[in-house]
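What the coordinates show
Residues per chain, in single letters:
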Amino acid sequence: MQSIVIVGGGVAGLELATRLGRTLGKKGQGRVVLVDRAPTHFWKPLLHSVAAGTIDPAVHHIDYARQAMDNGFEFVCGDVMNVDRNGQSVTVRRHLPHAASTEIVLAYDRLVLSYGAVTNFFGVPGAADHCLSLDTVAQAEAFRKRFLDRCLSADMARQSLDIVIVGAGPTGVELAADLRHTVETLVRFRVSHSEFKRDVRIRIVERANRVLPGLDPEVSAEVARKLASIGVEICTDTAVAEVTDNAVYTTDGRRFASAITVWAAGVQGAALAGHLGLALSRNQQILVDKHLQTMDDAKVFAMGDCSNIVNPQRRAMVPPSAQAARQQAIYLAGHLLRPEGKRMRSFRYRDYGAMVSLGPFGTVGILLRAIGSRNVHVSGAVAKLAYLWSYQRYVMFNVGTVRMLGQMLGRWMLSKTATPIKWQ
Ligand SMILES: Cc1cc2nc3c(=O)[nH]c(=O)nc-3n(C[C@H](O)[C@H](O)[C@H](O)COP(=O)(O)OP(=O)(O)OC[C@H]3O[C@@H](n4cnc5c(N)ncnc54)[C@H](O)[C@@H]3O)c2cc1C
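Parameters and conventions
Within every chain, residues take consecutive numbers counted from 1 along the sequence as written. Only residues with pLDDT of at least 70 are given local features in this predicted model, and only at 80 or more are side-chain atom pairs given and counted; all residues enter the totals for whole chains, interfaces and linings. Values shown for side chains rest on all heavy atoms present in the structure; no hydrogens or waters enter the calculation. What counts as a helix is a DSSP run of H or I of at least four residues, what counts as a strand is a run of E of at least two, and both are numbered from the N terminus. Residue contacts are defined here by distance: any two heavy atoms, one from each residue, within 4.5 Å place the two residues in contact. Stacked, tilted and edge-to-face are the three classes applied to pairs of Phe, Tyr and Trp rings, where Trp contributes its six-membered ring and a pair requires centres within 6.5 Å; stacked means planes under 30 degrees apart, edge-to-face means over 60, and tilted covers the rest. Relative accessible area decides the class of each residue, using a 1.4 Å probe on protein chains only: under 20% of the type maximum gives buried, over 50% gives exposed, and in between gives partly exposed. Proximity is defined per residue: if any heavy atom of the residue lies within 4 Å of a molecule or strand, that residue is considered near it. Distance and chemistry together define a polar contact, namely a pair of N or O atoms within 3.5 Å, with one atom able to donate a hydrogen and the other to accept it when in protein, and with adjacent residues in sequence counting only for side-chain atoms on both sides. The protein chains shown are the only cover counted for residues, whose accessible areas, like all others here, come from Shrake-Rupley with a 1.4 Å probe. Here the nonpolar group is Ala, Val, Leu, Ile, Met, Phe, Trp, Tyr, Cys and Pro; Asp, Glu, Lys and Arg are the charged ones; every other residue, Gly included, is treated as polar. Only strands joined by at least two bridges in the DSSP assignment are considered to pair. What marks off one domain from the next here is an automatic or database domain assignment. Computed with a 1.4 Å rolling probe, the buried area is the accessible surface lost when two parts are put together, summed over both parts. Salt bridge, as used here, is a side-chain nitrogen of Lys or Arg placed within 4 Å of a carboxyl oxygen of Asp or Glu. Between N-to-C directions, angles span 0 to 180 degrees; the directions come from axes that are lines fitted to C-alpha atoms, helices contributing only their stretch in contact. Nine residue types can take part in a nonpolar core, namely buried Ala, Val, Leu, Ile, Met, Phe, Trp, Tyr and Cys, and a core is a set of them joined through side-chain atoms within 4.5 Å. When we speak of the arc, we mean the arc of directions from the helix axis to the C-beta atoms.

**Focus on the environment of Leu-132**
- Residue position: Leu-132 is located in strand β10 (residues 131-132).
- Along the chain, Leu-132 and Trp-263 lie 131 residues apart, while their C-alpha atoms are 6.2 Å from each other.
- In this structure Leu-132 touches Phe-143, Arg-146, Ile-260, Thr-261, Val-262 and Trp-263, once residues within four positions along its chain are discounted.

**So, the packing of aromatic side chains**
- Under the definition given, this model contains 6 aromatic pairs.
- When the ring of Trp-43 is compared with that of Tyr-391, the centres are 5.8 Å apart and the planes differ by 35°; the resulting orientation is tilted. Highlighted residues: Trp-43 in the loop between β3 (40-41) and α2 (47-52) and Tyr-391 in helix α10 (residues 380-399), separated in sequence by 348 residues.
- On the numbers, 5.5 Å between centres and 75° between planes, the contact of Tyr-331 with Phe-347 is edge-to-face. Separated by 16 residues along the polypeptide, Tyr-331 in helix α9 (residues 322-337) and Phe-347 in the loop between α9 and β22 (353-357) bring together distant segments of the chain. As far as the burial class goes, Tyr-331 and Phe-347 line up, both buried.

**Some remarks on the site of the ligand**
- Around the ligand, the surrounding shell holds 28 residues, and the nearest of these are Ala-12, Asp-36, Val-80, Asp-305 and Ala-322.
- One nitrogen or oxygen atom from the main chain of Pro-320 is found 3.3 Å from an oxygen atom belonging to the ligand.
- Taken by itself the ligand offers 1,000 Å² of open surface, and the protein chains cover 86% of this.
- Going through the elements one at a time, α1 (11-25), α2, β5 (74-84) and α9 are the ones with two or more residues in the shell around the ligand.
- Class assignment for the residues of the shell around the ligand results in 12 nonpolar, 11 polar and 5 charged.

**Quick word on the pairing of strand β24 (residues 374-379)**
- With 5 bridges joining them, strand β23 (residues 363-371) and β24 adopt antiparallel strand pairing. Bridged to Leu-367 within β24 is Val-376.

**Side note on the domain arrangement of the protein**
- By the assigned domains, the protein splits into domain 1 (2-119 + 267-337) and domain 2 (127-265).
- Across the contact, 15 residues belong to domain 1 and 18 residues belong to domain 2.
- Across the interface of domain 1 and domain 2, roughly 1,300 Å² is buried in total on both sides, 64% from carbon and sulfur atoms.
- Contact with domain 2 buries area across many residues of domain 1, yet His-48, Ala-51 and Thr-119 alone supply 41% of it, more than any other trio.
- For the pair domain 1 and domain 2, the number of links is 0 salt bridges.
- Across the contact surface, domain 1 and domain 2 share 5 residue pairs in polar contact (both at pLDDT 80 or more).
- Of all the elements, α2 adds the most residues to the side of domain 1 that touches domain 2, at 6 residues.
- Residues that form the side of domain 1 that touches domain 2 fall into these classes: 9 nonpolar, 5 polar and 1 charged.

**Let's talk about the sheet that holds β22**
- Read from one edge to the other, the open sheet built from 3 strands follows the order β22-β23-β24, with strand pairing classed as antiparallel. What marks the edges here is a single partner per strand, and that holds for β22 and β24. Here the strands of the sheet are splayed against their neighbours by 20° on average, with no regard to which way each runs.
- Pairing of β22 with β23 involves 5 bridges; the strand directions are antiparallel. Looking at β23, one finds that Val-356 is bridged to Val-364.

**Remarks on the nonpolar core**
- With 114 residues, the main nonpolar core has Leu-113, Tyr-115, Val-223 and Leu-227 as its most contacted residues.
- Other than its neighbours up to four places away in sequence, Leu-227 contacts Val-173, Ala-176, Ala-177, Ile-204, Val-232, Ile-234 and Leu-358.
- Phe-121, Cys-235, Val-243 and Phe-256 belong to the second largest nonpolar core, which has 13 residues in total.

**Some details on helix α3 (residues 64-71)**
- Buried residues of α3: Tyr-64, Gln-67, Ala-68 and Asn-71, and no others. On an axial view of α3, the arc spanned by its buried residues comes to 100°, and they lie on one face.
- Of the surrounding elements, those touching the buried residues of α3 are α1, β2 (30-36), β3, β4 (62-63), β5 and α10.
- The distance from a side-chain oxygen at the start of α3 to the backbone nitrogen of Ala-65 is 3.1 Å, and the residue carrying that oxygen is Asp-63.

**What to know about the sheet that holds strand β6 (residues 89-94)**
- Taken in spatial order, the 7 strands make up an open sheet running β7-β6-β5-β2-β1-β8-β20, and their pairing is mixed. Looking at which strands have only one partner, the edges of the open sheet turn out to be β7 (102-107) and β20 (300-302). Direction aside, the axes of adjacent strands within the sheet are offset by 35° on average.
- Sheet topology places β6 next to β7; 6 bridges connect them, and they run antiparallel. In the sheet register, Thr-91 faces β7, and the bridge partner there is Val-105.
- On top of the sheet, α1 reaches β1 (2-7), β2 and β8 (110-113); it is set at about 160° to β2, its chief contact.

And the structure:
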């Protein structure tokens with residue numbers, strides 16, 4: 001019986017473990033083990049809403065142990081410390097709630113690496129020390145606490161509060177809108193005085209010449225208009241030279257005061273990459289071929305944000321996105337489950353478009369090749385539905401329709417009784 005170990009239960013890893021568990025694991029045809037350092041899974045594209053306090057991660061997470069039991073795979077909670085490729089084993093430091101952590105070794109026949117990525121500060125002086133980032137639920141929660149603390153103390157002292165977001169990709173712009181919404185909610189619930197809305201300055205600094213530089217220009221222009229209308233200041237063509245504890249300095253000599261600085265401008269592979277002995281890209285991502293197999297080891301695969309596809313045909317790059325991570329997991333499940341000797345097609349990324357949610361201020365996006373070969377721009381209710389659907393479809397695949405509807409109902413009831421901001 002073959003043993004497949006998956007490192008990292010994010011968007012890609014959870015989907016793959018669930019697919020393999022439902023087929024190999026449940027039929028007793030293979031052992032599937034998922035390792036993650038956290039006990040629960042959270043859909044990362046919602047982290048900006050956790051940071052702004054508009055979403056409580058506890059009512060959105062998927063419990064790995066439960067998911068494993070229901071879907072025929074095993075779950076190990078711990079940090080993968082090392083991979084011994086000659087011995088085909090993985091060393092995991094297990095986290096035990098009431099005892100010292102212990103190390104265990106998991107043997108594998110095939111190993112899939114899907115441990116995601118971490119923020120890339122691009123060596124900008126002071127950025128790693130003074131910026132917050134949003135790679136994990138813990139970081140988003142730390143941001144929320146600092147943001148609410150600073151809001152309340154600025155409000156009491158009747159002072160202004162400056163927030164700088166570095167990077168105008170989807171994370172940066174969605175975070176800016178969510179923070180603005182939280183400030184408005186504080187005023188609406190009379191936690192803050194009515195002038196406070198004006199006192200909070202949210203500024204996005206972007207090196208490219210427009211917000212959302214990776215997306216369609218029309219979507220980008222519409223988002224810029226909406227952000228400007230809610231008072232978010234956008235500084236494009238602006239590169240950051242240095243970050244201190246209370247300011248951001250730009251390469252053209254400007255200084256932006258900043259009580260909270262968030263870095264949302266790029267990702268790179270985590271430190272684990274350096275211990276694997278595998279070929280890496282400049283950004284420390286694992287290089288894989290068109291079958292998502294690593295260049296150095298036919299038994300090791302990589303997918304999602306921790307990987308980078310070597311692309312001799314110079315096709316469009318696969319972006320670090322949830323959309324791409326899911327497609328890779330679905331592809332790899334097919335690859336690992338195919339009968340012996342059957343030829344495998346190459347992985348081909350298909351871009352279906354993107355939706356950008358500005359919370360209550362609107363949703364804007366583009367559906368690529370939606371009608372024949374035509375792209376369709378969407379906004380308003382249709383865009384909001386498409387945005388929600390991409391998340392709910394994922395939840396539905398993993399936990400089933402009944403549990404998904406139950407969770408939605410629970411959240412709706414909670415929204416009718418509790419404040420819309422998470423305080424504790
Ligand atoms: C704030 C934010 C907003 C985003 N918005 C969008 C969006 O709107 N649309 C979109 O398509 N994409 C979006 N993305 C990007 C998207 O979330 C990622 O591309 C996607 O999550 C990558 O999936 P993954 O499985 O590769 O990694 P992840 O989902 O990051 O999962 C990695 C997993 O590995 C685990 N792990 C890491 N190291 C170890 C270790 N050593 N041992 C054990 N476990 C480990 C982590 O705990 C985590 O569970 C956003 C990202 C962020 C941060």
